Structure formats: C-alpha cells, structure tokens
Amino acid sequence: MSDQKLLRLEKRHKGLARVTAAINDLYIYGVYESNYPALMDTLNDAKDACKDELRDTHVEIVAITKANEITKLNPSTEQQLMEDYDE
C-alpha cells in the first residue's frame with residue numbers, strides 16, 4: 001500500500017516539476033512578461049502554487065521513505081549470532 005502511494009507521489013512530484021520548468025522556460029519561445037502581462041501573472045501564480053505542492057509532496061515522500069526504513073525489521077542480535085555460529 002505505501003509502495004503504491006510512494007510511486008503516486010513520485011509521479012506527482014515529477015509532473016509538478018515539469019510544469020514549473022515549462023513555465024520558467026517560456027522566455028525561450030518568446031513569451032515575455034512585457035508581451036503578455038496578464039498571462040504571465042496567471043502563470044506565475046500557477047508556478048507558485050506548483051512550488052507549494054512540490055514542497056508538500058516532497059515532505060510526504062521523505063516521511064514515507066523514512067517510515068519504511070524504520071519499520072523494516074532488522075534481524076535480532078541473537079539471530080545474527082546464531083547464523084554466524086552455524087557458518
């Protein structure tokens with residue numbers, strides 16, 4: 001369940017990062033704030049919203065990843081000693 005959620009969050013993060021990068025690259029295509037002020041205001045607001053979602057998504061990804069690392073059961077010391085003894 002958490003693996004599926006982690007994959008979904010990673011896809012969301014990648015998509016939002018692509019949207020943010022695309023908005024940043026509009027100047028390459030001749031879309032400047034001086035040419036399209038209303039459009040650029042709207043896009044800058046959208047970019048800010050994407051950045052907020054990116055930050056929140058990143059926090060969720062880190063939390064799930066750390067939770068998965070913590071909940072992985074490590075073999076007990078006694079079990080490790082028994083395996084070493086058997087070898």
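Residues numbered from 1 in each chain as written. Predicted model: local features only at pLDDT ≥ 70, side-chain atom pairs only at ≥ 80, totals over all residues. Heavy atoms only, no water.

## Things to note about helix α1 (residues 2-24)
Keep this limit in mind: Numbered from the N terminus, helices here are DSSP runs of H or I no shorter than four residues, and strands are runs of E no shorter than two. Helix span, as expected, comes to 1.5 Å for every residue beyond the first. Only protein chains enter the calculation, and the probe is 1.4 Å; a residue is then buried if its accessible area is under 20% of its type maximum, exposed if over 50%, and partly exposed in between. In what follows, a contact means two residues having at least one pair of non-hydrogen atoms within 4.5 Å.
Taking 1.5 Å as the rise per residue, α1 with 23 residues should run 33 Å; its terminal C-alpha atoms sit 33 Å apart, in good agreement. For α1, every residue scored as buried is listed here: Leu6, Leu9, Leu16, Thr20 and Ile23. Buried residues belonging to α1 abut α2 (37-71).

## Brief notes about the pattern of salt bridges
Short version of the rule: Here, a salt bridge means any side-chain nitrogen of Lys or Arg that lies within 4 Å of a carboxyl oxygen of Asp or Glu.
For the coordinates displayed, the defined rule picks out two salt bridges. Here Arg55 and Asp52 are joined by a salt bridge, their closest N and O atoms 3.3 Å apart. Pair noted here: Arg55 and Asp52 are both in helix α2, with a separation of three residues, about one helical turn. The partner of Asp56 in a salt bridge is Arg55, with the nearest N and O atoms 3.9 Å apart. Among the residues examined, Asp56 registers a relative accessible area of 37% and is labelled partly exposed. A residue is classified by how much of its surface remains accessible, and Arg55, at 48% relative accessible area, is partly exposed. Because the salt bridges share partners, they merge into one network encompassing Asp52, Arg55 and Asp56.

## Digging into the environment of Leu43
Within the element layout of this structure, Leu43 appears in helix α2. Sequence separation between Leu43 and Ile23 is 20 residues; the distance between their C-alpha atoms is 6.9 Å. Excluding residues that lie within four positions of it along the chain, Leu43 makes contacts with Ile23 and Leu26.

## Quick word on a negative patch on the surface
Under the convention used in this document: Residues qualify for a patch when their relative accessible area is over 30% and they have no salt bridge, like charges being joined within 9 Å and the nonpolar side chains of Val, Leu, Ile, Met, Phe, Trp and Tyr within 5 Å. Every accessible area reported is derived by Shrake-Rupley at a probe size of 1.4 Å, with residue values counting cover from the shown protein chains alone. Lys and Arg are tallied as positive, Asp and Glu as negative. Neither His nor the chain termini are counted. Every charge is mapped to an atom, namely NZ of Lys, CZ of Arg, CG of Asp or CD of Glu.
Where like charges cluster on the molecular surface, the negative patch consists of Glu33, Asp41, Asp45 and Asp48. Secondary-structure assignment places Asp48 in helix α2.

## A few points about the side chain of Lys47
Mapped onto the elements, Lys47 comes out in helix α2. Of the side chains with opposite charge, Asp48 lies nearest to the buried Lys47, which makes no salt bridge, at 5.8 Å. Discounting residues that sit within four places of it in the chain, Lys47 has contacts with Thr20, Ile23 and Asn24.

## A short note on a nonpolar patch on the surface
A contiguous nonpolar surface patch, about 510 Å² in accessible area, is contributed by Tyr27, Ile28, Tyr29 and Tyr32. The topology assignment puts Ile28 in the loop between α1 and α2.

## Structural notes on α2
Compared with an ideal rise of 1.5 Å per residue, which puts 35 residues at 51 Å, α2 spans 51 Å between its outermost C-alpha atoms and is within 8% of the ideal. Regarding α2, the residues found buried are Met40, Lys47, Cys50, Leu54, Thr57, Ile61 and Ile64. Packing partners of the buried residues in α2 comprise α1.

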